[in-house]
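# A structural walkthrough
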Amino acid sequence: MGATSLRAPRAALLVAASLLVAACVGDTGAADVAVTRFAYVYAPSAHPDEPIQPLPVGYEANADLVRLGDQLFHDKGLSGDGTVACASCHSVPDGGDDGLGRSTGIRGQKGGINAPTVLNSGLNMAQFWNGRAETLEEQAKGPVEHPKEMGGSWDAVVARVAADPGYAGAFDALFPDGVTADNIRAAIATFERTLITPDSPFDRWLRGEDGALSERQLAGYQLFKAAGCVTCHQGRNVGGNMYQVFGVMGDYFEDRGGEEEADLGRVAVTHDEGDRHVFRVPSLRNVALTAPYFHDASASSLEDVVRVMATYQLGRMLDDEETALIVEFLKSLTGTIPATGGGAR
Ligand code: HEC
Ligand code: HEC
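Here the focus is the coordination of the iron atom of ligand 1. Tetrahedral metal sites with four donors have an ideal angle of 109.5 degrees; octahedral sites with six donors have ideal angles of 90 or 180 degrees. A lone protein donor contacts the iron atom of ligand 1, and this donor is His90 (NE2), found at 2.1 Å. With respect to the helices and strands, His90 occurs in the loop between α4 (86-89) and α5 (136-145).

To continue, consider the packing of α5 against helix α8 (residues 181-193). Here α5 crosses α8 at 115°, and the two axes come no closer than 9 Å. Here α5 runs over α8; the crossing is right-handed. Where α5 approaches α8, its residues Leu136, Glu137, Ala140 and Lys141 are matched on the opposing element by Arg185, Ala186, Ala189, Glu192 and Arg193. The residue inventory of the contact of α5 with α8, partitioned by class, reads four nonpolar, no polar and five charged.

What follows is about the packing of helix α3 (residues 63-73) against α8. Between α3 and α8, whose axes approach to 7 Å, the crossing angle comes to 100°. With respect to their mutual orientation, α3 and α8 come out roughly perpendicular. Side by side, α3 and α8 meet where Leu65, Val66, Leu68, Gly69, Asp70, Leu72 and Phe73 of the first sit next to Ile184, Ala186, Ala187, Ile188, Thr190, Phe191 and Glu192 of the second. Grouping the constituent residues of the contact of α3 with α8 by class yields 10 nonpolar, two polar and two charged.

Let's shift gears to the packing of aromatic side chains. Under the definition given, this model contains 17 aromatic pairs. Ring centres of Trp205 and Tyr221 lie 5.9 Å apart, and the angle between their planes is 70°; on these two criteria the pair is classed as edge-to-face. Taken together, the residues Trp205 in helix α9 (residues 201-206) and Tyr221 in helix α10 (residues 215-227) connect sequence positions 16 residues apart. Through pairs of rings, three or more aromatic residues link up here, namely Phe202, Trp205, Tyr221, Phe224 and Phe329. Over the face of the ring belonging to Trp154 we find Arg185, whose NZ or CZ atom lies 4.7 Å from the ring centre. Over the ring of Tyr243 we find Arg266; its NZ or CZ atom is 4.0 Å from the centre of that ring.

Attention now goes to helix α6 (residues 154-163). If you check which residues of α6 are buried, you get Trp154, Val157 and Val161. Burial along α6 is one-sided: seen end-on, the buried residues are contained in an arc of 55°. The exposed residues of α6 that point more than 90 degrees off its buried face are Asp155 and Ala163. Close packing links the buried residues of α6 with α3, α5, α7 (165-174) and α8.

Attention now moves to the coordination of the iron atom of ligand 2. Protein-derived coordination of the iron atom of ligand 2 comes from His233 (NE2) and Met309 (SD), at a distance range of 2.1 to 2.2 Å. Of note is the iron atom of ligand 2, whose six donor atoms meet at the metal with angles of 87 to 179° in an arrangement that counts as octahedral. Placement of His233 in the loop between α10 and β3 (243-245) and of Met309 in helix α13 (residues 302-314) is noted, with a sequence separation of 76 residues between them. On the basis of relative accessible area, His233 is assigned to the buried category, the value being 10%. Here Met309 falls in the partly exposed class, since its relative accessible area comes to 21%.

On to the site of ligand 2. Near ligand 2 there are 22 residues, and of these Cys229, Cys232, His233, His295 and Met309 occur at the shortest range. At a separation of 2.9 Å, a nitrogen atom of ligand 2 approaches a polar side-chain atom of His233. Within the contact set of ligand 2, an oxygen atom lies 2.8 Å away from a backbone nitrogen or oxygen of Phe294. Broken down by element, the shell around ligand 2 gets its largest block of residues, four residues, from α13. When its residues are assigned to classes, the shell around ligand 2 shows 16 nonpolar, six polar and no charged.

A separate point is the site of ligand 1. Taken together, 27 residues lie near ligand 1, and Cys86, Cys89, His90, Phe128 and Arg280 sit nearest. One nitrogen or oxygen atom from the main chain of Phe128 is found 2.6 Å from an oxygen atom belonging to ligand 1. If you list the elements that add at least two residues to the shell around ligand 1, you get α4, α5 and α8. Per-element tally for the shell around ligand 1: the top contributor is α5, with three residues. Among the residues making up the shell around ligand 1, the classes are represented as 15 nonpolar, eight polar and four charged.

Rules behind the numbers
- Residues numbered from 1 in each chain as written.
- Chains lettered and ligands numbered in written order.
- Predicted model: local features only at pLDDT ≥ 70, side-chain atom pairs only at ≥ 80, totals over all residues.
- Heavy atoms only, no water.
- Donors = N, O, S within 2.8 Å, 3.2 Å for Na, K, Ca; no water.
- Helix = DSSP H or I, 4+ residues; strand = E, 2+ residues; numbered from the N terminus.
- Axes fitted to C-alpha atoms, helices over the stretch in contact; angles between N-to-C directions.
- Left-handed = near helix turned anticlockwise from the far one by under 90°.
- Contact = heavy atoms within 4.5 Å.
- Nonpolar A, V, L, I, M, F, W, Y, C, P; charged D, E, K, R; others polar.
- Parallel < 35°, antiparallel > 145°, perpendicular 65-115°, else oblique.
- Phe/Tyr/Trp six-rings, centres within 6.5 Å; stacked < 30°, edge-to-face > 60°.
- Lys NZ or Arg CZ within 6 Å of the ring centre and 35° of its normal.
- Buried < 20%, exposed > 50% of the residue type's maximum accessible area, 1.4 Å probe, protein only.
- Arc of directions from axis to C-beta.
- Tetrahedral: all angles 85-135°; square planar, octahedral: opposite > 155°, others 65-115°.
- Near = heavy atom within 4 Å.
- Polar contact = N/O pair within 3.5 Å; in protein donor to acceptor, adjacent residues only side chain to side chain.

Below is the structure:
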């Protein structure tokens, strides 16, 4: 089915979805589980032994719920003063982030950490740099009430959405309990899960198209594996499936000039000192589109990032040619960004 399922009648989608084992959804908090059921559709890999596997090529979801989530994601009315939407900091056509080292929230306030992309975020094992939200539903609670991001309240969002006949009608048609905070977050999270970017040159190569990678990209991939990058950046999302310390082979934070709050990593979640400077390994999908890099946005080019990673994560120096080859491989991870923004307001 794949992306064409978006245009299929809703009833057919629900039947199709019910035949599949849902790949990723935990307890969404939403009342009607059938409406929020979501499953990815996978194509076979021609290289099943590789440590990286292709992204899903499609998904099964309720198209009305996805459309509603798309609209809400782009709606500035979810913020305290009507100026900031999720999409303000996560612009899907631009790579799912804002291209800034520090995001700009309500009343021009600057945040404290680099905004990650929402593209392929449904494939990560947890959300945020330190993994403090387990699901996209849980993640979506945060930004609306964050004083420096959207500066609003969920009570106000529910009241506003319920007062809008277009929204209210759509929620009533999908959920027995209509507009609730959980149902709004279920819509946003379901929309986010659809933001997959298949068909990158690397995915086409994994799926068996031998000419999809240039010789230099292929050599870069071999080096990415041989150098050890793949021990952390692996799986379907080339990352997103484990926690690792930033600074395995050296004290990155001391060398940078001291530690800030955003550098704590998972210790802020687990309160276990062993988790200081431990981060969820980021996905490298579409990484060529999402500069600047690292949670502290300290690197502005992929060449810089590769050198920092080699030094602090692997304890080795890469020469300019090796660095360039790995960058070529990273560029082969840029896929096709889905069209969104339907019904934006
Ligand atoms: C003012 C900018 C801003 C706004 C508005 C914003 N975000 Fe974010 N988003 C961020 C930043 C910064 C982070 C990283 C925070 C962290 O890891 O501590 C983030 C993280 C995320 C993540 C986690 C991605 C990952 O790989 O870990 C998701 C998903 C996300 N935001 C979705 C949303 C949604 C949905 C909304 C609207 C309800 C939203 N964001 C509004 C800046 C923003
Ligand atoms: C020991 C695990 C580990 C190894 C090995 C490793 N990385 Fe990383 N990588 C990480 C972690 C953790 C981060 C997040 C650092 C941060 O910003 O807090 C990261 C971040 C990155 C980023 C930035 C992503 C972004 O969106 O900001 C890139 C690119 C990257 N790594 C590429 C590489 C390359 C290339 C290699 C091999 C030379 C490599 N990594 C080796 C764990 C690792």
